[in-house]
Amino acid sequence: MRTINLAGQTLIEMLIVLFIIAMGLFATVSLIFSNVALQEQDADQIVAINLAREALEMVQNKRDTNWLLGDRPFDYGLLVEGAVDSPVAVIDCTVVPAWDGSAIPDPFFDPTPNDLSQARVYKQGVEGYFTNVSTATSTEYQRLLTLAPICEDPNNSANKAVAEGACACPPAGFPTYTKRIGLRAQADIRWMRKNRQRNLTIYGDFYDWR
Amino acid sequence: MTGDKKTIASLPGFSVIEMLVVVAVFSFSILILSQTYLSFIRLSHRTANSSAVQQDMRFVLEYITRMARHTAIEYPVPPGSLDAATSTLVLSRDDQPAWIIKLSDTGDVLCGDLPEVKCLLVSSDAGVNWAPITSKKVNVEKFQILVRPSVTPFVLSGNNYVNNQQPFVTLLIKMTYMAPNDREVVSLEAQTSISSRVYVR
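All chains use their own residue numbering, which begins from 1 and follows the written sequence. Lettering for chains starts from A, numbering for ligands starts from 1, and both go in the order in which the items are written. Note on the predicted model: pLDDT of at least 70 is required for a residue's local features to be given, and 80 or more for side-chain atom pairs to be given and counted; whole-chain, interface and lining totals, by contrast, use all residues. Values reported for side chains reflect all heavy atoms of the structure, with hydrogen atoms and water molecules removed beforehand.

## Observations concerning the overall build of chain B
Our working definition: Going along the chain from the N terminus, every DSSP run of H or I of four or more residues is numbered as a helix, and every run of E of two or more is numbered as a strand. For this measure, only C-alpha atoms enter the radius of gyration; the expected value for a globule follows 2.2 Å times N^0.38, where N is the number of residues. The classification of residues rests on relative accessible area computed with a 1.4 Å probe and restricted to protein chains. Under 20% of the type maximum is buried, over 50% is exposed, and intermediate values are partly exposed. Whether two residues touch is decided by their heavy atoms; if any such pair falls within 4.5 Å, the residues are in contact. Calculation of accessible area relied on Shrake-Rupley with a 1.4 Å probe; when residues are assessed, cover is drawn exclusively from the protein chains displayed.
Each helix and strand in chain B was counted, giving 2 helices and 11 strands. Secondary structure elements of chain B, listed N to C terminal, follow the sequence α-α-β-β-β-β-β-β-β-β-β-β-β. For chain B, the C-alpha radius of gyration of 31 Å lies well beyond 17 Å, the compact-globule estimate for 201 residues. By residue count, 38% of the 201 residues in chain B fall in the buried class. Considering only contacts in chain B between residues 6 or more positions apart, those separated by 24 or more positions represent 56%. Surface accessibility of chain B: about 11300 Å² in total, with carbon and sulfur atoms responsible for 59%.

What follows is the structure in structure tokens.
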């Protein structure tokens, strides 16, 4: 009997080849899926950053409106208590815009929410505006504004500090940083995407420098 | 004859069963491969469409934000007032004609070839010439503009200002990429607001 020397691959060779192909395919596929996931995240981020900007613009609008009214401090209805149009009882300096999606909104803020979990964003009315007022369809987003006064040393205007975590500058008589010259507004947005929590924070400083 | 039979039987070949199995396995794997291929194609279309919508959304929001921030809103003479919610924003500039952005009619010639598409049109010469600023296949489903106050706070009506509210513009946009396949259609809805930086009083 004649034995023919058939050319072929050994099992080890085949395994190595399969392994290499599998690695290549896995890399490609995971690249594609991470691309898709990032794209979705990007879309969420566009919505989130615009909601955050809106919150800061509302603070700016409140300050500018206070200036136009002329008879009140710049942060009336934001950090100052006892406002007529906004009964702000400042407890922890966290507020949400109190606009309910109607055509004629008042620029005032609701101090009730204390953290993001109480500050859900809803879609409101026929047009479907995004607002923090809870009477309509809820969205994935939460939005909270945190306000902190910017305080200055009355004897040396070069010394300033943000009184973080406090709703007021230290009372008069303290050595430094007792004069309220502005406020820092921080907008936090939180949302869920595929059971993962995402965050976005921006802040702006608003001074009483007219 | 006997010799012939022997020759045929000893020829190398496949039985019908073997052939059936091979064809079945082969077609099954081709089926799976083509399905995977098609779904990846669809996914890549979806990704491309999504990025087109995102690009338009970013551009439009930033463009309008920038304009509305630094340009005065055109108000009628008090006590005349603006419409509460519209899909047109008119900004008046001191030394140039008014700048206008509006939502087009369905199937406007300027928007491209698709019959069911609305786009955003901009005019920088008070409405004489218009140009689209959204992509051809992006349908602007919603373009809602809310300006408040509705009466200007900067012009006297009689001896008084009608209101003391710094102008504020809210804008809500929803865009959809019009793809022939339903599974490749992508929508995005976003809202932002702008407080005017034009200080007159």
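Back to the write-up after that little detour.
## Let's talk about the overall build of chain A
Regarding its fold elements, chain A presents 1 helix and 8 strands. Each helix (α) and strand (β) of chain A, taken in turn from the N terminus, gives the series α-β-β-β-β-β-β-β-β. A burial count over chain A gives 41% of its 210 residues as buried. Restricting to contacts in chain A with at least 6 residues of sequence separation, those with at least 24 account for 51%. Of the roughly 11700 Å² of accessible surface on chain A, a fraction of 58% belongs to carbon and sulfur atoms.

## Some points on the pattern of salt bridges
Under the convention used in this document: Each salt bridge in this description consists of a side-chain nitrogen of Lys or Arg and a carboxyl oxygen of Asp or Glu lying within 4 Å of one another.
For the structure on display, the rule yields 16 salt bridges over all chains. Residue Arg53(A) is joined to Glu62(B) by a salt bridge in which the shortest nitrogen-to-oxygen separation is 3.2 Å. Within this pair, whereas Arg53(A) is found in helix α1 (residues 11-69), its partner Glu62(B) is found in helix α2 (residues 16-70), the two belonging to separate chains. The residue Arg184(A) makes a salt bridge to Asp205(A) at a minimum N-O spacing of 2.7 Å. Of this pair, Arg184(A) sits in strand β7 (residues 179-193) while Asp205(A) is found in strand β8 (residues 196-207), placing the two residues 21 residues apart along the sequence. Note on Asp205(A): relative accessible area 31%, which makes it partly exposed.

## Describing the state of the cysteines
Residues and elements named next belong to chain B. Stated formally: For the purposes of this analysis, a disulfide is any pair of cysteine sulfur atoms at a distance within 2.5 Å.
All chains considered together, the criterion is met by 1 disulfide over all chains. Between the sulfur of cysteine 111 and that of cysteine 119 lies a disulfide, 2.2 Å long from S to S. Around the S-S axis, the bridge from cysteine 111 to cysteine 119 shows a dihedral of about -70 degrees and counts as left-handed. The exposure class assigned to cysteine 119 is buried, which follows from its relative accessible area of 0%.

## With respect to the interface of chain A and chain B
Going by this rule: Distance and chemistry together define a polar contact, namely a pair of N or O atoms within 3.5 Å, with one atom able to donate a hydrogen and the other to accept it when in protein, and with adjacent residues in sequence counting only for side-chain atoms on both sides. Residues are sorted three ways: Asp, Glu, Lys and Arg are charged, Ala, Val, Leu, Ile, Met, Phe, Trp, Tyr, Cys and Pro are nonpolar, and all the rest, Gly among them, are polar.
Residue-level contacts link 34 residues of chain A with 40 residues of chain B. Its salt-bridge partner being Glu189(B), residue Lys123(A) comes within 2.8 Å of it at the nearest N-O pair. For the pair chain A and chain B, the interface holds 22 residue pairs in polar contact (both at pLDDT 80 or more). Of the residues forming the side of chain A that touches chain B, the biggest block, 23 residues, is contributed by α1(A). For the side of chain A that touches chain B, a count of residues per class yields 17 nonpolar, 8 polar and 9 charged.

## Structural notes on a nonpolar patch on the surface
Formally: Each patch is built from salt-bridge-free residues with over 30% relative accessible area, joining like charges within 9 Å and nonpolar side chains (Val, Leu, Ile, Met, Phe, Trp, Tyr) within 5 Å.
Taken together, the side chains of Leu11(A), Ile12(A), Leu15(A), Ile16(A), Phe19(A), Ile20(A) and Met23(A) present a nonpolar region at the surface, about 780 Å² in accessible area. Counting through the fold element by element, Ile16(A) comes out in helix α1.

## Some points on the environment of Ala185(A)
All names here are of chain A. By the element assignment, alanine 185 lies in strand β7. Note: C-alpha distance between alanine 185 and leucine 147 (38 residues apart in sequence) is 4.7 Å. Look past the residues within four positions of alanine 185 in its chain and what remains in contact with it is Leu56, Val59, Leu145, Thr146, Leu147, Ile202, Tyr203, Gly204 and Phe206.

## Things to note about the pairing of strand β4 (residues 99-103) of chain B
All names here are of chain B. Put simply, the test is: Between any two strands, pairing holds if DSSP finds at least two bridges.
Counting buried positions along β4 yields 4 of 5 residues, so the element is predominantly enclosed. Between strand β3 (residues 88-92) and β4, which follow one another and run antiparallel, lie 6 residues. With 4 bridges connecting them, β4 and strand β5 (residues 120-123) associate as antiparallel partners. Within the sheet, the bridge partner assigned to isoleucine 101 lies in β5 and is valine 122.

## What to know about the confidence of the model for chain B
Residue and element names in this part refer to chain B. Stated precisely, the cut-off is as follows: The predictor reports its confidence for every residue as pLDDT, a score running from 0 up to 100.
Looking at chain B, pLDDT values average 90 and 96% of them are 70 or higher. Helix α1 (residues 2-10) is the least confidently modelled element of chain B, averaging 56 in pLDDT, while β5 averages 96, the highest of any element. On the interface metric, ipTM, the complex scores 0.86, and its pTM is 0.86.

## A word on the environment of Val90(B)
Residue and element names in this part refer to chain B. Mapping valine 90 onto the fold places it in strand β3. Owing to a relative accessible area of 25%, valine 90 belongs among the partly exposed residues under this scheme. Sequence-wise, valine 90 and glutamine 191 are 101 residues apart; in three dimensions their C-alpha atoms are separated by 19 Å. What valine 90 contacts, discounting residues up to four positions off in sequence, is Ile73, Glu74, Ala98, Trp99 and Ile100.

## Observations concerning the side chain of Thr65(A)
Mapped onto the elements, Thr65(A) comes out in helix α1. Overall, the relative accessible area of 7% leaves Thr65(A) in the buried class. Here Asn61(A) takes part through its backbone oxygen, which lies 2.7 Å from a polar atom of the side chain of Thr65(A). Among residues more than four places away in sequence, those in contact with Thr65(A) are Asn164(B), Gln165(B) and Gln166(B).

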